[in-house]
There are 2 protein chains.
Amino acid sequence: MSEPALDGLIEALRRLPGVGQKSAQRMAFHLLQHDRDGADRLARALLQATTSMRHCSRCHTFTQAEVCSTCADAGRDARLLCVVETPADQAALERSGSYRGQYFVLMGRLSPLDGIGVQALEARQLLDRAADGVVEEVILATGFTAEGEATAHALGEALRVRGLRVTRLARGVPAGSELEYVDLGTIAHALVDRR
Amino acid sequence: MSEPALDGLIEALRRLPGVGQKSAQRMAFHLLQHDRDGADRLARALLQATTSMRHCSRCHTFTQAEVCSTCADAGRDARLLCVVETPADQAALERSGSYRGQYFVLMGRLSPLDGIGVQALEARQLLDRAADGVVEEVILATGFTAEGEATAHALGEALRVRGLRVTRLARGVPAGSELEYVDLGTIAHALVDRR
């Protein structure tokens, strides 16, 4: 196969995260053979998204407006600011239905091995946002992975010296689980943080 | 998140084979956050491929020309026609460097459960192609899966009644393998087809 248009498509699909050579080939063949309408739709969606999506000036999530709908919602508690890694994390918190404050979306987390330090994150913008005089508590809801913990630690330090109350999501046994099947690190945390 | 451009992109990415909701979200966030150039390139590659790629009039593979480069190659043995499922299978045979005949690419295989019968495959075009008066032997190189075997069986029947010599790739122990680790079905085939 030395068809430039096909090779170009496979090469472009390979740049998607988690897609290798074989998956990219399969996707290209599928689109050309069975779903040309899907290919056109994807092309249009990509152009539409890259031209219209930008970052919310307050919480940094993706939005087509200057300020996203969550930040613009006057019914939310502006004294609470929840820091998450991605819009997907924010969506999970929203689905839980138990948070009515504002958000800040980091769009990433510390990852020193990939060269992502505090500077690469939107830490500066977060510190400005949290210092608006209304925010009283910043809830760090980054993941409980090594990188998520490091991110929470670094941001927590910087926020505390600015006199803000900083909290972290509770660690413990997940709802619906039997202790027998919960990993030991989680049990240890649940014991320490017992209440 | 209720951003139409973002939702549209996630929805379009979900149509790719093997991509679910979470992967599509991850891809969309990655493209918007870290690789807008990759998103533009993918959009252009999709439009380029869907507008320029069509099927070779002889072997049915994807090509930008009327006849693909393999079919146009006068140095290949026109008496041999090898039937494969996909361009990727064809590429694998080419890489083996042991075949110099022509190809026919089915762009699929029988899959009754998905409603893909012999009619849905390019069986008609294959039968016409094989009856050009030059082809003497048709090598069925569909996969050794249930669907691939069924495809080979159905096509083989139709080709044989037209007086063509029909062969199938040999089944047996893969190169470099130790018998101990070869599955029993393969060993049974290798015994029956011993030479």
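Our subject is the structure listed above.
Residues numbered from 1 in each chain as written. Chains lettered and ligands numbered in written order. Predicted model: local features only at pLDDT ≥ 70, side-chain atom pairs only at ≥ 80, totals over all residues. Heavy atoms only, no water.

## So, the overall build of chain A
Under the convention used in this document: Strands are runs of DSSP state E lasting at least 2 residues, helices are runs of H or I lasting at least 4, and numbering of each runs from the N terminus. Note on method: radius of gyration uses C-alpha positions; expected globular size equals 2.2 Å times residues raised to 0.38. Think of it this way: Lys and Arg go in the positive column, Asp and Glu in the negative one, and His and the chain ends go nowhere. Just so you know, the charge point we use is NZ for Lys, CZ for Arg, CG for Asp and CD for Glu.
Scanning chain A from terminus to terminus reveals 8 helices and 6 strands. Listed N to C, the secondary structure of chain A is α-α-α-β-β-α-β-α-β-α-β-α-β-α in terms of helices and strands. Computed over its C-alpha atoms, the radius of gyration of chain A comes to 21 Å, more than 25% above the 16 Å expected for a compact globule of 195 residues. The C-alpha extent of chain A, read off along each of the three principal axes, is 65 × 45 × 35 Å. Here chain A contributes 23 positive and 25 negative side-chain charges, whose respective centroids are spaced 2 Å apart.

## Remarks on the relation of the copies chain B and chain A
Put simply, the test is: Superposing copies: least-squares fit, C-alpha atoms only, residues required to have pLDDT of at least 70 in both. Whether two residues touch is decided by their heavy atoms; if any such pair falls within 4.5 Å, the residues are in contact.
Overlaying chain B on chain A yields an RMSD of 0.1 Å, the required transformation being a rotation through 180° with an accompanying axial translation of 0.0 Å. These values place the two chain copies in the arrangement generated by a two-fold rotation axis. Judged by C-alpha distance, A43 of chain B is the residue of chain B that lies nearest the rotation axis, at 2.1 Å. A share of 100% of interface residues in chain B that are also interface residues in chain A marks the association as one of identical surfaces.

## Observations regarding the interface of chain B and chain A
Counted only if it meets this: Take the accessible area each of two parts loses on contact, using a 1.4 Å probe, and add the two losses: that sum is the buried area. Salt bridges, as used here, are contacts in which a Lys or Arg side-chain nitrogen is within 4 Å of a carboxyl oxygen on Asp or Glu. Whenever a nitrogen or oxygen atom comes within 3.5 Å of another N or O atom, the pair is scored as a polar contact, on the condition that within protein one atom can donate a hydrogen and the other can accept it, and that pairs from neighbouring residues in sequence are kept only if both atoms are in side chains.
Contact with chain B, which involves 51 residues of that partner, is made by 51 residues of chain A. When chain B packs against chain A, the two sides together hide about 4,700 Å² of surface, and 67% of this comes from carbon and sulfur. It is R15, L46 and F62 of chain B in chain B that bury the most area against chain A; as a group they hold 14% of the surface buried on that side. At the boundary of chain B with chain A, the tally comes to 4 salt bridges. Between R15 of chain B and D37 of chain A there is a salt bridge, with the nearest N and O atoms lying 3.5 Å from each other. Applying the counting rule to chain B against chain A returns 16 residue pairs in polar contact (both at pLDDT 80 or more). Among the secondary structure elements, those contributing two or more residues to the side of chain B that touches chain A are α1 (4–14), α2 (21–34), α3 (36–52), β1 (54–55), β2 (62–63) and α5 (87–96) of chain B. Ranked by residue count, the leading element in the side of chain B that touches chain A is α3 of chain B, at 15 residues.

## What to know about the packing of helix α1 (residues 4–14) of chain A against α3 of chain B
To keep it simple, the criterion reads: For helices, the fitted axis covers only the stretch in contact; all axes are lines through C-alpha atoms, and the angles between them, taken along N-to-C directions, range from 0 to 180 degrees. Orientation is classified from the angle alone, with under 35 degrees giving roughly parallel, over 145 giving roughly antiparallel, 65 to 115 giving roughly perpendicular, and any other angle giving oblique. For a crossing to be left-handed, the near helix must be turned anticlockwise from the far one by less than a right angle; the clockwise case is right-handed.
Two numbers describe how α1 of chain A lies on α3 of chain B: the axes approach to 9 Å, and their chain directions differ by 150°. The angle between α1 of chain A and α3 of chain B places the two elements in the roughly antiparallel class. Handedness of the crossing formed by α1 of chain A with α3 of chain B: left-handed. Here A5, G8, L9, A12 and L13 of chain A of α1 of chain A come into contact with α3 of chain B, specifically with R41, L42, A45, L46, Q48, A49 and S52 of chain B.

## Let's talk about α1 of chain B
Here is the rule: Exposure classes here rest on a 1.4 Å probe applied to the protein chains alone. A residue is buried below 20% of its type maximum, exposed above 50%, and partly exposed in between. Picture the helix axis, draw a direction to every C-beta atom, and the arc is the one those directions span.
Among the residues making up α1 of chain B, those that are buried are A5, L6, L9, I10, A12 and L13 of chain B. Viewed end-on, α1 of chain B has its buried residues packed into an arc of 165°, placing them on one side of the element. Taken together, the buried residues of α1 of chain B touch α3 (36–52) and β2 (62–63) of chain A together with α2 of chain B.

## Describing the sheet that holds strand β6 (residues 165–168) of chain A
All names here are of chain A. In plain terms, the rule: Strand pairing is assigned whenever DSSP detects at least two bridges linking the two strands.
Strand order in the open sheet formed by 4 strands is β4-β3-β5-β6, with parallel pairing between adjacent strands. The sheet terminates laterally at β4 (101–105) and β6, the two strands that pair on one side only. Looking at each pair of strands side by side, their axes are set apart by 25° on average, direction ignored. Bridge count between strand β3 (residues 77–84) and β4: 5 bridges; the pairing is parallel. By the bridge assignment for β4, V84 is matched with V105. Strands β3, β5 (137–140) and β6 of the sheet are contacted by helix α7 (residues 146–160), whose axis makes an angle of about 165° with β6.

## Some thoughts on the sheet that holds strand β5 (residues 137–140) of chain B
All names here are of chain B. Read from one edge of the open sheet, 4 strands run β4-β3-β5-β6, paired in parallel fashion. In the strand order of this sheet, the two ends are held by β4 (101–105) and β6 (165–168), each with one partner. Averaged over all adjacent pairs, the angle separating strand axes in this sheet is 25°, with direction ignored. With 4 bridges connecting them, β5 and β6 associate as parallel partners. Each residue of the ladder has a partner; that of I139, found in β6, is T167. Along the sheet, α5 contacts β3 (77–84) and β4; its crossing angle with β4, the most-contacted strand, is approximately 160°.

## Structural notes on the packing of α1 of chain B against α2 of chain B
Residues and elements named next belong to chain B. Formally: Residues are grouped as follows: Ala, Val, Leu, Ile, Met, Phe, Trp, Tyr, Cys and Pro are nonpolar; Asp, Glu, Lys and Arg are charged; every other residue, Gly included, is polar.
The geometry of α1 relative to α2 is characterised by a closest axis approach of 8 Å and an angle of 125° between their N-to-C directions. By the angle between their directions, the pair α1 and α2 is classed as oblique. Relative to α2, α1 is oriented so that their crossing is right-handed. In contact with L6, L9, I10, L13 and R14 of α1, α2 contributes Q21, A24, Q25, M27, A28, F29 and L32. Classifying every residue of the contact of α1 with α2 by side-chain character gives 9 nonpolar, 2 polar and 1 charged.

## Digging into the nonpolar core
Put simply, the rule is: Residue types Ala, Val, Leu, Ile, Met, Phe, Trp, Tyr and Cys, when buried and joined through side-chain atoms within 4.5 Å, form a set referred to as a nonpolar core.
Of all hydrophobic cores here, the largest spans 62 residues; its most connected members are L13, L16 and L46 of chain A together with L13, L16 and L46 of chain B. Apart from the residues within four sequence positions on either side, L16 of chain B is in contact with L13, L16, M27, L31 and L42 of chain A.

## Quick notes on the pattern of salt bridges
Applying the stated rule across the entire model yields 25 salt bridges over all chains. The shortest N-O distance in the salt bridge between D73 of chain B and R100 of chain B comes to 3.9 Å. Note that D73 of chain B is positioned in the loop between α4 (69–72) and β3 and R100 of chain B in the loop between α5 and β4, a separation of 27 residues in sequence. Taking the relative accessible area as the measure of exposure, D73 of chain B reaches 29% and is therefore partly exposed. Within the structure, one salt-bridge network assembled from shared partners comprises R15 of chain A together with D35, D37 and R41 of chain B.

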